[in-house]
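Spelled out, the chains give:
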Amino acid sequence: EVQLVESGGGFQKPGGSLRLSCAASGFTFASHAMNWFRQAPGKGLQWVSTISGSADTTHYADSVKGRFTISRDYSKNTVYMQMNSLRAEDTAVYFCARSEGYSGSRTYADYWGQGTLVTVSS
Amino acid sequence: DIQMTQSPSSLSASVGDSVTITCRASQTIYSYLNWYQHKPGKAPKLLIYAASSLQSGVPSRFSGGGSGTEFTLTINGLQPEDFATYYCQQSYSTPTFGQGTKLEIK
């Protein structure tokens, strides 16, 4: 059974940093691209970032480019999102999701975690 | 970025009804269109991928159609567990979502 469990959310002041983790199990980790999405309070879903199966390709939404970094650890089957220079508008529930396929391009997110809440406020 | 527009934004229906949600893209996305169901506090769930392919384990009362710029999600015979928010998402380019359609019980 595919499982994705996010952790690392919490409260941070503007300008601060957080690192989110997503522990994956139940599938061949290196065979799938992985993603982060988010949902701000009262808003819809938004894609944040994707990392390919081999970690040689990463993509970011313009709103987080240069501030967030996605990475993956194959020994731990875990995906990370390092979030720096946090802003109030980064406040959201962050979801980890698996892509069908290796590249993460022109595909779909077939399994999702339940999310972790990030709150950025002074 | 490609803009995705869903209609309606909200919808009231009864158990047993059939409903259709429409999603329009600002430019052609061929068939790179996915549909998700999301309930508060839960993980989003993939329903339909590539415009019309039913994800494994999803009941057959869900169906998707369309190509190019106009797409539909139809639910035939609503069940109590179907009341949720539905999102379309294009994967032709940088992924973007529609604003969501909240399906409520009448």
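Note that the coordinates shown come from a computational prediction; the quantities given were computed from them, not determined experimentally.

Comments concerning the interface of chain B and chain A
Consideration 1: Facing the 17 residues of chain B at the interface are 16 residues of chain A.
Consideration 2: Between chain B and chain A, roughly 1,600 Å² of surface is buried when both sides are summed, and carbon and sulfur atoms account for 62% of that area.
Consideration 3: At the boundary of chain B and chain A, one finds zero salt bridges.
Consideration 4: The interface formed by chain B and chain A includes five residue pairs in polar contact (both at pLDDT 80 or more).
Consideration 5: Elements that contribute at least two residues to the side of chain B that touches chain A include exactly β4 (33–38) and β5 (45–49) of chain B.
Consideration 6: Per element, the largest residue contribution to the side of chain B that touches chain A is three residues, and it comes from β4 of chain B.

A word on the pattern of salt bridges
Consideration 1: Counting across every chain of the model gives eight salt bridges over all chains.
Consideration 2: One salt bridge connects E81 of chain B with R61 of chain B, and the closest N-O pair in it is separated by 3.4 Å. Of this pair, E81 of chain B sits in the loop between β8 (70–75) and β9 (85–90) while R61 of chain B sits in the loop between β6 (53–54) and β7 (62–67); the two residues are 20 residues apart in sequence, bridging distant segments of the chain.
Consideration 3: Given a relative accessible area of 18%, R61 of chain B falls into the buried group.
Consideration 4: One connected set of salt bridges, linked through shared partners, spans R38, R67 and D90 of chain A.

Some words on the pairing of strand β11 (residues 101–105) of chain B
Residue and element names in this part refer to chain B.
Consideration 1: Relative to β11, strand β2 (residues 10–13) is paired through four bridges, and the arrangement is parallel. Its bridge partner lying in β11, A13 is registered against I105.
Consideration 2: Direction of pairing for β9 relative to β11: antiparallel, over a ladder of two bridges. Paired with Y86 across the bridge in β11 is T101.

Overview of the side chain of E6 of chain A
Consideration 1: By the secondary structure assignment, E6 of chain A is in strand β1 (residues 3–7).
Consideration 2: Buried within the structure, E6 of chain A lacks any salt-bridge partner; its nearest side chain of opposite charge belongs to K42 of chain B, at an N-O separation of 13 Å.
Consideration 3: At 2.9 Å, the side chain of E6 of chain A forms a polar contact with the backbone nitrogen of G115 of chain A.
Consideration 4: When neighbours within four sequence positions are excluded, E6 of chain A is seen to be in contact with S21, C22, W36, Y94, F95, C96, G113, Q114, G115 and T116 of chain A.

Description of the state of the cysteines
Consideration 1: This model, assessed by the stated rule, comprises two disulfides over all chains.
Consideration 2: C22 of chain A shares a disulfide with C96 of chain A; S-S distance 2.1 Å. The sign of the S-S torsion, about -70 degrees, decides the handedness of the disulfide formed by C22 of chain A and C96 of chain A: left-handed. Of this pair, C22 of chain A sits in strand β3 (residues 18–25) while C96 of chain A sits in strand β9 (residues 92–99); the two residues are 74 residues apart in sequence, bridging distant segments of the chain.
Consideration 3: The buried category is assigned to C22 of chain A, whose relative accessible area is 0%.
Consideration 4: Across the disulfide, C23 of chain B is cross-linked to C88 of chain B (sulfur-sulfur distance 2.1 Å). Its torsion about the S-S bond being 70 degrees, the disulfide of C23 of chain B and C88 of chain B is classed as right-handed. Taken together, the positions of C23 of chain B in strand β3 (residues 19–25) and C88 of chain B in strand β9 put the pair 65 residues apart, joining distant regions of the chain. Of the two residues, C23 of chain B and C88 of chain B, neither departs from the other in class, the shared state being buried.

Rules behind the numbers
- Residues numbered from 1 in each chain as written.
- Chains lettered and ligands numbered in written order.
- Predicted model: local features only at pLDDT ≥ 70, side-chain atom pairs only at ≥ 80, totals over all residues.
- Heavy atoms only, no water.
- Contact = heavy atoms within 4.5 Å.
- Buried area = accessible area lost by both parts, 1.4 Å probe.
- Salt bridge = Lys/Arg side-chain N within 4 Å of Asp/Glu carboxyl O.
- Polar contact = N/O pair within 3.5 Å; in protein donor to acceptor, adjacent residues only side chain to side chain.
- Helix = DSSP H or I, 4+ residues; strand = E, 2+ residues; numbered from the N terminus.
- Buried < 20%, exposed > 50% of the residue type's maximum accessible area, 1.4 Å probe, protein only.
- Pairing = 2+ DSSP bridges.
- Lys, Arg positive; Asp, Glu negative; His and termini not counted.
- Disulfide = S-S within 2.5 Å.

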